There are 2 protein chains.
Amino acid sequence: MSDLPSRLHISEEGPREGFQIEPGPISSSDKIALIDALSDTGVEHIQACSFVSPRLVPGWADAAEVVEGFTARDGVTYTALWFNDRGLQRACEHKDKLTVRGSIHLAVSEPFSISNLNRDRDGNLKAVRQYLLDHKTADVAVEDITLMAAFGCNFAGDIAPEQVIASIQDGIELATESGNTVRSVTLCDTMGWANPHLIEHTIGAVRERFPEMKIALHLHDTRGLGIANAYAGMRLGVAEFDTTVGGLGGCPFAKQPGASGNIATEELVLMANELGIETGIDLDALIEAGHLAERIVGHSLPSAPLRGGSLGSYRSRASVQ
Amino acid sequence: MSDLPSRLHISEEGPREGFQIEPGPISSSDKIALIDALSDTGVEHIQACSFVSPRLVPGWADAAEVVEGFTARDGVTYTALWFNDRGLQRACEHKDKLTVRGSIHLAVSEPFSISNLNRDRDGNLKAVRQYLLDHKTADVAVEDITLMAAFGCNFAGDIAPEQVIASIQDGIELATESGNTVRSVTLCDTMGWANPHLIEHTIGAVRERFPEMKIALHLHDTRGLGIANAYAGMRLGVAEFDTTVGGLGGCPFAKQPGASGNIATEELVLMANELGIETGIDLDALIEAGHLAERIVGHSLPSAPLRGGSLGSYRSRASVQ
């Protein structure tokens with residue numbers, strides 16, 4: 001009755017997304033240590049940093065130092081995030097280590113867009129046009145749409161699948177204008193509004209309208225349903241997930257201090273292991289990286305396996321007894 | 001494709017199970033305040049206290065004071081836990097407020113039974129025989145089996161559905177000997193080993209062997225899969241869940257300091273609300289009770305809605321804007 005994938009492709013976003021909500025400064029060497037620890041877990045993809053305005057996000061003023069500092073490991077794709085030409089140019093200076101590719105960022109909820117990006121829908125479409133022009137000039141492909149607030153919004157309330165379709169349509173039109181072809185969409189539950197049924201309805205609607213589109217899920221655990229939503233997505237064959245080690249993160253623009261961040265990479269890997277789905281990730285090594293993340297931020301993180309441990313470790317001990 | 005129930009029957013175990021792992025003493029008045037707050041949320045069933053040896057569990061030496069102190073509310077069933085005749089006698093002194101009913105407690109894992117109850121399988125069956133005799137003498141029905149470690153064990157490793165069936169068979173035979181009829185079984189994921197597939201396999205096997213048996217799930221979130229496991233159970237029509245407000249608890253015998261407790265009542269209610277399943281519980285009132293539980297234990301609890309808030313509250317605000 002389900003269409004579980006045989007392998008998950010996990011994008012580890014802890015180093016980039018995870019630290020932006022932390023109150024204290026995180027040193028470049030700590031960021032590098034976490035990226036290096038994650039590189040040793042078997043994860044395929046790490047989003048390493050943000051090339052954003054140091055004025056708006058002072059915590060990423062050191063993005064270049066971080067990229068220069070980590071050790072790129074064979075088989076791991078390292079990416080970064082940016083929103084404007086200055087960021088793109090900074091990323092392009094690190095093509096030796098970074099895979100430079102763009103993504104059209106749209107918020108399904110206009111009130112969230114105003115709060116998060118300080119732009120209404122028209123302002124955002126205009127900004128995306130400029131973004132696409134800049135990427136064309138830099139010869140960087142943009143084949144992905146990132147849809148924020150795709151399942152609901154603290155400011156706008158519920159989001160219907162039809163609104164998601166309309167935003168994807170916006171993104172496709174902008175991409176086509178600029179000579180790009182959209183191949184994937186990342187549906188972000190930015191403020192933790194999703195539930196298993198809504199995941200099913202939204203993914204079903206997107207697939208019906210755009211049958212060739214690859215769908216990724218970026219889920220937050222704001223209200224505790226993150227892993228159930230991931231399971232609902234996996235049952236529909238979704239194989240691409242953004243997660244953060246330890247469950248680092250949380251949306252600094254959602255006006256919910258202390259709210260949980262992304263779903264924890266450890267929990268998704270543990271579930272995949274138990275369901276017989278490959279991830280390529282060594283869960284015990286990942287849990288070690290999670291403990292490192294806790295030492296870096298100086299507080300415990302929400303990921304349950306950081307305290308409960310992997311099942312593999314208990315199975316080994318049980319079989320010895 | 002799923003058989004979601006139209007209504008959940010939630011047994012709130014926070015007051016009883018939740019405090020046993022807390023290091024500090026919890027005052028009787030705090031316990032009473034939490035029970036009273038929970039009584040106002042619309043929950044159907046509250047397990048209020050344990051009548052266990054004050055020597056083994058000093059935190060429940062005040063069980064009688066707690067029962068005398070709380071205000072029994074119409075429509076709410078209050079129960080207690082005990083393991084021997086002394087506990088049963090103490091519970092029977094409070095029949096004005098407590099619904100006194102027994103449950104055959106068995107651990108599917110013998111190593112866990114030894115660690116938790118200090119008895120091997122034979123010792124445990126002998127103890128259950130005595131328990132059933134005591135209940136017959138007191139004219140208290142025993143129609144339920146509580147199966148601990150039904151999905152895996154930190155000491156024994158994996159638990160197969162066949163072992164669950166065998167333990168239920170043990171319980172039924174003991175009940176029958178004593179003139180009782182078992183009508184329900186509570187499958188406990190005491191140490192957080194379950195995953196959605198195992199939930200499906202085990203429930204499927206139990207239903208095939210015992211088609212008339214009502215199945216309840218008592219899930220712990222030790223490794224972060226609790227809510228996904230609850231969703232898997234709900235998809236099979238399971239409607240009876242034990243949960244704790246705030247996610248209070250954790251198994252003191254599992255040798256995992258800091259591991260998460262039961263699944264949080266707030267998260268299950270929130271998921272049920274979003275799936276259109278009745279619970280009778282006011283989620284915002286429940287979140288208030290969760291904040292009270294946090295003040296009582298003096299630390300934050302794992303339930304995400306305690307920080308993320310209900311969706312209803314955000315929907316109301318969004319519709320006003």
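Details of the structure are given in the entry above.
Residues numbered from 1 in each chain as written. Chains lettered and ligands numbered in written order. Predicted model: local features only at pLDDT ≥ 70, side-chain atom pairs only at ≥ 80, totals over all residues. Heavy atoms only, no water.

1. Focus on the overall build of chain A
Then comes step 1: Helix and strand counts for chain A stand at 13 helices and eight strands.
Then comes step 2: For chain A, the C-alpha radius of gyration of 19 Å lies close to 20 Å, the compact-globule estimate for 321 residues.
Then comes step 3: Overall, the C-alpha framework of chain A stretches about 65 × 50 × 35 Å when taken along its three principal axes.
Then comes step 4: Counting every position in chain A, which comprises 321 residues, the buried fraction comes to 61%.
Then comes step 5: Long-range contacts, defined as pairs at least 24 residues apart, comprise 75% of the intrachain contacts of chain A with a sequence gap of at least 6. (Helix = DSSP H or I, 4+ residues; strand = E, 2+ residues; numbered from the N terminus. Rg over C-alpha atoms; globule rule 2.2 N^0.38 Å. Buried < 20%, exposed > 50% of the residue type's maximum accessible area, 1.4 Å probe, protein only. Contact = heavy atoms within 4.5 Å.)

2. What to know about the side chain of S184(A)
All names here are of chain A.
Then comes step 1: Among the secondary structure elements, S184 is positioned in strand β6 (residues 184–189).
Then comes step 2: Of the residues examined, S184 reaches a relative accessible area of 19% and is grouped as buried.
Then comes step 3: A distance of 2.6 Å separates the side chain of S184 from the side chain of D144, its partner in a polar contact.
Then comes step 4: With sequence-adjacent residues up to four places away left out, S184 is seen in contact with E143, D144, I145, M213 and K214. (Polar contact = N/O pair within 3.5 Å; in protein donor to acceptor, adjacent residues only side chain to side chain.)

3. Side note on the pattern of salt bridges
Then comes step 1: This model, assessed by the stated rule, comprises 26 salt bridges over all chains.
Then comes step 2: Residue R307(A) is joined to E294(A) by a salt bridge in which the shortest nitrogen-to-oxygen separation is 3.2 Å. With R307(A) in helix α12 (residues 305–308) and E294(A) in helix α11 (residues 283–297), the pair connects residues that are 13 residues apart, well separated along the chain.
Then comes step 3: You can call R307(A) partly exposed: its relative accessible area is 27%.
Then comes step 4: With a shortest N-O distance of 3.2 Å, E13(B) and R16(B) are connected by a salt bridge.
Then comes step 5: What makes R16(B) buried here is its relative accessible area of 8%.
Then comes step 6: Linked through salt bridges whose partners overlap, the residues forming this network are E13(A), R16(A) and E17(A). (Salt bridge = Lys/Arg side-chain N within 4 Å of Asp/Glu carboxyl O.)

4. Describing the packing of helix α9 (residues 226–235) of chain A against helix α9 (residues 226–235) of chain B
Then comes step 1: Between α9(A) and α9(B), whose axes approach to 7 Å, the crossing angle comes to 55°. Put simply, α9(A) runs oblique to α9(B). Where α9(A) crosses over α9(B), the handedness of that crossing is right-handed. Here I227(A), A228(A), Y231(A) and R235(A) of α9(A) come into contact with α9(B), specifically with I227(B), A228(B), Y231(B) and R235(B).
Then comes step 2: When the residues that make up the contact of α9(A) with α9(B) are grouped by side-chain class, the tally is six nonpolar, no polar and two charged. (Axes fitted to C-alpha atoms, helices over the stretch in contact; angles between N-to-C directions. Parallel < 35°, antiparallel > 145°, perpendicular 65-115°, else oblique. Left-handed = near helix turned anticlockwise from the far one by under 90°. Nonpolar A, V, L, I, M, F, W, Y, C, P; charged D, E, K, R; others polar.)

5. Considering α9(A)
Residues and elements named next belong to chain A.
Then comes step 1: Most of α9 sits inside the fold, with ten of its ten residues counted as buried.
Then comes step 2: Those residues of α9 not exposed but buried are G226, I227, A228, N229, A230, Y231, A232, G233, M234 and R235.
Then comes step 3: Remark: G237 follows α9 within two positions and exhibits a positive phi of approximately 90°.

6. Concerning the packing of aromatic side chains
Then comes step 1: Considering all chains together, one arrives at two aromatic pairs over all chains under this definition.
Then comes step 2: A centroid spacing of 4.6 Å and a plane angle of 35° characterise the contact between F70(A) and Y78(A), whose relative ring orientation is tilted. Residues F70(A) and Y78(A) agree in their burial class; the two are buried.
Then comes step 3: Across from the ring centre of W60(A), 4.1 Å away, lies the NZ or CZ of K31(A), which sits over that ring.
Then comes step 4: In this arrangement the basic side chain of R317(B) is found over the ring face of Y314(B), its NZ or CZ atom lying 4.4 Å from the centre. (Phe/Tyr/Trp six-rings, centres within 6.5 Å; stacked < 30°, edge-to-face > 60°. Lys NZ or Arg CZ within 6 Å of the ring centre and 35° of its normal.)

7. So, the sheet that holds strand β5 (residues 142–148) of chain B
All names here are of chain B.
Then comes step 1: Spatial strand order, β3-β2-β1-β8-β7-β6-β5-β4: eight strands in an open sheet with parallel pairing. Since the sheet does not close on itself, it has two edges, and those belong to β3 (77–82) and β4 (102–107), each with one partner. Each adjacent strand pair in this sheet contributes to an overall mean axis angle of 25°, direction not counted.
Then comes step 2: Relative to strand β2 (residues 45–51), strand β1 (residues 9–12) is paired through two bridges, and the arrangement is parallel. If you follow S11 over to β2, its bridge partner there is H45.
Then comes step 3: Each of β3, β4 and β5 is contacted by helix α6 (residues 121–137), which is oriented at about 180° to β4, the strand it contacts most. (Pairing = 2+ DSSP bridges.)

8. A closer look at the pairing of strand β2 (residues 45–51) of chain A
Residue and element names in this part refer to chain A.
Then comes step 1: Of all seven residues that make up β2, seven are buried, and the element is covered over most of its length.
Then comes step 2: Pairing between β2 and strand β3 (residues 77–82): six bridges, direction parallel. Counted as the bridge partner of S50 is L81 from β3.
Then comes step 3: Handedness of the crossover joining β2 and β3 through helix α3 (residues 63–69) is recorded here as right-handed. (Right-handed = clockwise from strand over helix to strand, strands pointing away.)

9. Digging into the interface of chain B and chain A
Then comes step 1: Listed by partner, the interface residues are 43 residues for chain B and 42 residues for chain A.
Then comes step 2: Between chain B and chain A, the buried area comes to about 3,500 Å², and carbon and sulfur atoms account for 62% of it.
Then comes step 3: Counting the surface chain B buries against chain A, the share from its top three residues, R223(B), Y231(B) and Y314(B), is 17%.
Then comes step 4: If you look at where chain B meets chain A, you find two salt bridges.
Then comes step 5: The partner of D158(B) in a salt bridge is R315(A), with the nearest N and O atoms 2.7 Å apart.
Then comes step 6: Linking chain B to chain A there are eight residue pairs in polar contact (both at pLDDT 80 or more). (Buried area = accessible area lost by both parts, 1.4 Å probe.)

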